[in-house]
Number of protein chains: 2
Amino acid sequence: MNNFTFYSPTFFAFGKDSEDKAGELVKRFGGTKVLIHYGGGSVVRSGLLDRVKRSLENAGIGYTELGGVKPNPRSGLVYEGIDLVKREGVDFILAVGGGSTIDSSKAIAAGALYDGDFWDFYSGKQIEKALPVGTVLTIAAAGSEGSGDSVITKEEGMLKRGTGSDALRPKFSILNPALTQTLPPYQTAAGITDIMAHLYERYLTNTKDVEVTDRLIEALLLTLKHEAPRVIANPNDYEARANIMWAGMVGHNNSCGVGRSQDWLSHMIEHELSALYDCAHGAGLAVTMPAVFTYELEHDVMRFAQVAVRVWGCQMDFAHPEVTAKEGIEAFRKFLISIGMPKNFEELGAKEEDIPKLVDVLFEGSDGKLNGFIEINKEDAAKIYKMMV
Amino acid sequence: MNNFTFYSPTFFAFGKDSEDKAGELVKRFGGTKVLIHYGGGSVVRSGLLDRVKRSLENAGIGYTELGGVKPNPRSGLVYEGIDLVKREGVDFILAVGGGSTIDSSKAIAAGALYDGDFWDFYSGKQIEKALPVGTVLTIAAAGSEGSGDSVITKEEGMLKRGTGSDALRPKFSILNPALTQTLPPYQTAAGITDIMAHLYERYLTNTKDVEVTDRLIEALLLTLKHEAPRVIANPNDYEARANIMWAGMVGHNNSCGVGRSQDWLSHMIEHELSALYDCAHGAGLAVTMPAVFTYELEHDVMRFAQVAVRVWGCQMDFAHPEVTAKEGIEAFRKFLISIGMPKNFEELGAKEEDIPKLVDVLFEGSDGKLNGFIEINKEDAAKIYKMMV
């Protein structure tokens with residue numbers, strides 16, 4: 001196991017009606033003037049936004065608001081948020097929504113305390129400080145509610161890039177599984193796929209002797225394998241939603257990823273798809289992961305065999321471990337299709353002729369190599385995209 | 001799943017040489033004058049105490065010290081620590097040792113900011129504030145490095161009682177698996193048993209539909225099942241020590257115990273054994289758990305069958321689930337014996353004729369009933385102690 005540090009100082013309020021604690025929690029963590037940041041649509045229609053506002057009012061907390069966050073959140077709205085925060089003297093950002101809204105809120109929080117262009121942070125500059133952020137989560141997917149990560153798309157060139165810092169970890173996150181019951185099945189499934197990607201990309205490690213984190217990741221994958229079909233069959237299943245929601249947080253706060261090298265090639269390769277086609281990130285991952293894993297397979301057959309046996313229930317073929325390894329990838333692929341995810345470029349709305357463009361953007365700003373479980377160059381990336389067609 | 005809150009704001013520095021960060025971390029969390037609290041013996045002999053002092057000196061942090069913590073830490077030393085802290089103007093407690101030292105440090109930290117008798121907190125009064133505590137852990141066992149819990153024994157009557165509060169969660173914990181390599185096999189095994197008890201006592205729940213936490217607990221039990229024989233065979237196995245150490249923290253910071261009722265009868269029943277005979281807590285648990293679980297078995301046969309199949313690799317007897325359930329308890333008992341733990345009162349140094357006394361102390365201050373996975377009265381407790389003979 002590698003040396004590591006781990007710090008997850010987020011307060012979680014989990015369960016029914018927990019959004020009513022928003023005001024009290026903002027106060028506990030020192031906020032006096034809040035920017036409520038959200039997408040639109042369902043958060044407004046469901047009355048959630050009004051309930052959150054009421055909770056702030058009851059706690060005597062002032063607020064201003066900025067809606068309009070889109071999936072694959074854009075830099076334009078971040079600039080607008082930073083201006084608003086500075087103009088209004090906001091000292092706390094409250095994200096009400098999913099990963100996109102939380103990521104956009106984190107970008108505003110960092111940019112508000114920085115004189116330069118916030119995009120510097122998404123181009124490699126380390127974030128040292130940020131305004132405090134709280135979240136009211138409405139979809140189990142990104143894990144952003146418990147992580148210091150944020151991904152933003154720059155409209156100029158549709159560059160999708162991420163950053164990470166302990167300064168971005170939310171002060172509190174409110175997780176009410178009931179709020180996710182109104183999500184359409186497709187978005188629910190895309191969220192589950194994203195969670196599973198966070199787990200697989202930590203699982204694919206070159207660090208030896210990491211039994212405890214291997215086992216924790218497998219535990220969460222087993223949970224999703226069991227709960228996903230339940231929630232797809234019955235979107236109102238609170239218990240299944242609750243299990244998925246906590247798995248999504250634990251799976252991405254990195255308690256199961258510490259002390260080991262990680263992969264993240266699937267995320268990088270997918271980001272260009274959702275940036276170009278504006279598809280759901282999880283849907284893009286469903287198409288990307290089986291291709292990437294198949295490409296990586298011969299790098300460590302036994303690791304893929306291990307997840308095949310322990311998670312997917314495959315029988316180990318001790319004479320031909322690669323058979324078991326492939327069976328595991330195929331089982332995962334079929335699972336993703338079974339919950340309604342796309343299986344190829346066509347179903348995703350992607351085009352084979354765009355592959356050279358996807359590859360070019362993927363490697364923009366790099367030295368021609370990307371590192372994860374394996375190292376890939378442009379030629380490898382083109383082959384992987386081609387496998388998804 | 002039940003509603004819950006979860007807050008684990010401890011900074012963990014994990015890995016080789018991480019104790020060199022003690023000074024820098026005390027500074028980061030606001031300490032200026034430290035009480036170094038420790039047991040004695042190995043911490044001094046190994047040079048660890050000197051290294052920690054040097055780290056504090058390098059960071060310009062002043063300190064005073066108090067050694068002498070014993071296993072099953074006593075109230076007497078806590079009073080002494082509180083006096084010392086008040087007299088010397090200490091503003092940060094640094095525990096260098098295992099669970100006993102950390103628990104004693106937490107008691108001092110709470111008592112130092114309280115005008116009354118610190119024992120009030122171990123008699124039901126809620127802890128609202130405490131001095132900040134940091135830890136340098138030397139044994140993977142109690143999980144106190146990542147929890148808000150503390151257990152102290154009052155010398156008058158040898159009452160062993162616990163308390164819990166978020167105010168007691170360490171600001172930072174330094175986990176260097178190499179520091180545990182010098183532990184004798186018996187103490188290593190007792191520590192592993194304690195960790196497994198923390199997991200089992202969370203596993204034994206009456207809350208339904210808790211797949212995610214079930215799976216996480218099983219993951220940690222599987223880790224210990226795999227790593228314990230390695231470390232008993234080779235005490236210098238850093239990797240096995242590292243996996244056990246992280247499992248010990250994750251297993252008790254409650255991320256795998258949230259939203260579900262828990263048991264803790266084994267801990268309560270054992271506490272009287274280690275209080276009376278001063279045996280290792282883990283050794284007492286090794287004798288206690290199989291008896292308690294057998295007594296609890298018919299309350300929920302399927303739960304015991306589940307852990308038997310998922311953790312102990314038993315084949316499910318679908319016609320007779322109770323057979324599988326019993327097989328799982330027996331597999332656990334044999335596992336504990338295989339790593340060197342005692343199997344009965346005699347090996348533990350306990351006496352059958354003391355059972356009435358053990359029962360009396362166990363129920364002191366209660367209304368004649370103790371609640372966990374099941375509710376027990378004095379008669380039940382006597383039967384359970386009798387099963388251990």
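All figures in this text were calculated on a predicted structure; none of them were measured in a lab.

**What about the relation of the copies chain A and chain B?**
Moving on, step 1. Screw-axis analysis of chain A against chain B gives a translation of 0.0 Å along the axis, an RMSD of 0.0 Å, and a rotation angle of 180°. Such a combination of rotation and displacement between the chain copies is what one expects of a two-fold axis. Within chain A, the C-alpha atom positioned nearest to the axis of rotation is that of A:Pro9, 1.9 Å from it.
Moving on, step 2. Mapped onto chain B, 100% of the interface residues of chain A are again interface residues, and the two copies thus contact each other with one and the same surface.

**Comments concerning the environment of A:Leu362**
Residues and elements named next belong to chain A.
Moving on, step 1. With respect to the helices and strands, Leu362 occurs in helix α14 (residues 355-362).
Moving on, step 2. Residues Leu362 and Asn234 lie 128 residues apart in sequence; the distance between their C-alpha atoms is 38 Å.
Moving on, step 3. Excluding residues within four positions of it along the chain, Leu362 makes contact with Met268, Ile269, Glu272 and Ala381.

**Here we look at the interface of chain A and chain B**
Moving on, step 1. At the junction of the two partners, chain A supplies 35 residues and chain B supplies 35 residues.
Moving on, step 2. Its residues assigned to classes, the side of chain A that touches chain B comprises 17 nonpolar, 11 polar and 7 charged.

**Some details on the domain arrangement of chain A**
Quite often, the size of an interface is put as the accessible area lost when its parts meet.
All names here are of chain A.
Moving on, step 1. Entries for chain A in the domain assignment read domain 1 (11-179) and domain 2 (183-387).
Moving on, step 2. Distance between the C-alpha centres of domain 1 and domain 2: 26 Å.
Moving on, step 3. If you look at the interface, domain 1 gives 18 residues, while domain 2 gives 29 residues.
Moving on, step 4. Its residues placed into classes, the side of domain 1 that touches domain 2 shows 11 nonpolar, 5 polar and 2 charged.

**A look at α14(A)**
Residues and elements named next belong to chain A.
Moving on, step 1. What α14 keeps buried is the set Ile355, Leu358, Val359 and Leu362. Seen along its axis, α14 keeps its buried residues to an arc of 95°; they face one direction. Exposed side chains of α14 directed beyond 90 degrees from the buried face belong to Pro356, Lys357 and Asp360.
Moving on, step 2. Turning to α14, the residues buried within the fold contact α9 (265-277) and α15 (378-387).

**Considerations on the sheet that holds strand β2 (residues 33-38) of chain B**
Moving on, step 1. Pairing within the open sheet is mixed, and its 12 strands lie in the order β3(A)-β2(A)-β4(A)-β5(A)-β8(A)-β1(A)-β1(B)-β8(B)-β5(B)-β4(B)-β2(B)-β3(B). If you trace the sheet from one side to the other, it starts and ends with β3 (62-66) of chain A together with β3 (62-66) of chain B, each paired once. Direction aside, neighbouring strands of the sheet carry axes that sit 25° apart on average.

**A short note on the packing of helix α10 (residues 281-296) of chain A against helix α12 (residues 321-338) of chain A**
All names here are of chain A.
Moving on, step 1. At their nearest, the axes of α10 and α12 sit 10 Å apart, and the two run at 175° to each other. The orientation of α10 relative to α12 falls into the category roughly antiparallel. Each of Ala286, Pro290, Phe293 and Thr294 in α10 lies in contact with α12, whose residues at this interface are Ile329, Phe332, Arg333 and Leu336.
Moving on, step 2. Here the contact of α10 with α12 is composed, by residue class, of 6 nonpolar, 1 polar and 1 charged.

**Focus on the confidence of the model for chain A**
Caution is warranted with low-pLDDT regions, since their predicted coordinates should not be read in detail.
Moving on, step 1. Summing up the model confidence of chain A, the mean pLDDT is 97 and the portion of residues at 70 or higher is 100%.
Moving on, step 2. Among the prediction metrics, the complex's ipTM stands at 0.96, with pTM recorded as 0.96.

**Some remarks on unusual backbone geometry**
Residues and elements named next belong to chain B.
Moving on, step 1. Its identity is not glycine, yet Asp17 carries a phi of approximately 65°, on the positive side.
Moving on, step 2. By the element assignment, Asp17 lies in the loop between β1 (4-14) and α1 (22-28).
Moving on, step 3. At Asp278, a position not held by glycine, the phi torsion is positive, near 55°.
Moving on, step 4. Mapping Asp278 onto the fold places it in the loop between α9 (265-277) and α10 (281-296).

**Regarding the pairing of strand β5 (residues 133-137) of chain B**
For a regular strand, the rule is simple: side chains alternate between the two faces of the sheet.
Residue and element names in this part refer to chain B.
Moving on, step 1. When you tally the buried positions in β5, you get 5 out of 5 residues, the bulk of the element.
Moving on, step 2. Burial along β5 is two-sided: the face carrying Val133, Thr135 and Leu137 and the face carrying Gly134 and Val136 are both buried.
Moving on, step 3. Where strand β4 (residues 92-97) and β5 come together, 5 bridges link them in parallel fashion. Bridging across to β5, Gly97 finds its partner in Leu137.
Moving on, step 4. Handedness of the crossover is the feature at issue here: the chain leaves β4, passes through helix α5 (residues 99-112), returns alongside β5, and the resulting connection is right-handed.
Moving on, step 5. Two strands pair when backbone bridges link them, and β5 and strand β8 (residues 172-175) are joined in this way by 4 bridges, in the parallel orientation. Its bridge partner being in β8, Leu137 is matched across the sheet by Leu175.

What counts, and where the lines are drawn
- Residues numbered from 1 in each chain as written.
- Chains lettered and ligands numbered in written order.
- Predicted model: local features only at pLDDT ≥ 70, side-chain atom pairs only at ≥ 80, totals over all residues.
- Least-squares fit on C-alpha atoms with pLDDT ≥ 70 in both.
- Contact = placed C-beta atoms within 7 Å.
- Helix = DSSP H or I, 4+ residues; strand = E, 2+ residues; numbered from the N terminus.
- Nonpolar A, V, L, I, M, F, W, Y, C, P; charged D, E, K, R; others polar.
- Domains from an automatic or database assignment.
- Buried ≥ 20, exposed ≤ 12 C-beta atoms within 10 Å, placed from the backbone.
- Arc of directions from axis to C-beta.
- Pairing = 2+ DSSP bridges.
- Axes fitted to C-alpha atoms, helices over the stretch in contact; angles between N-to-C directions.
- Parallel < 35°, antiparallel > 145°, perpendicular 65-115°, else oblique.
- pLDDT = per-residue confidence, 0-100.
- Right-handed = clockwise from strand over helix to strand, strands pointing away.

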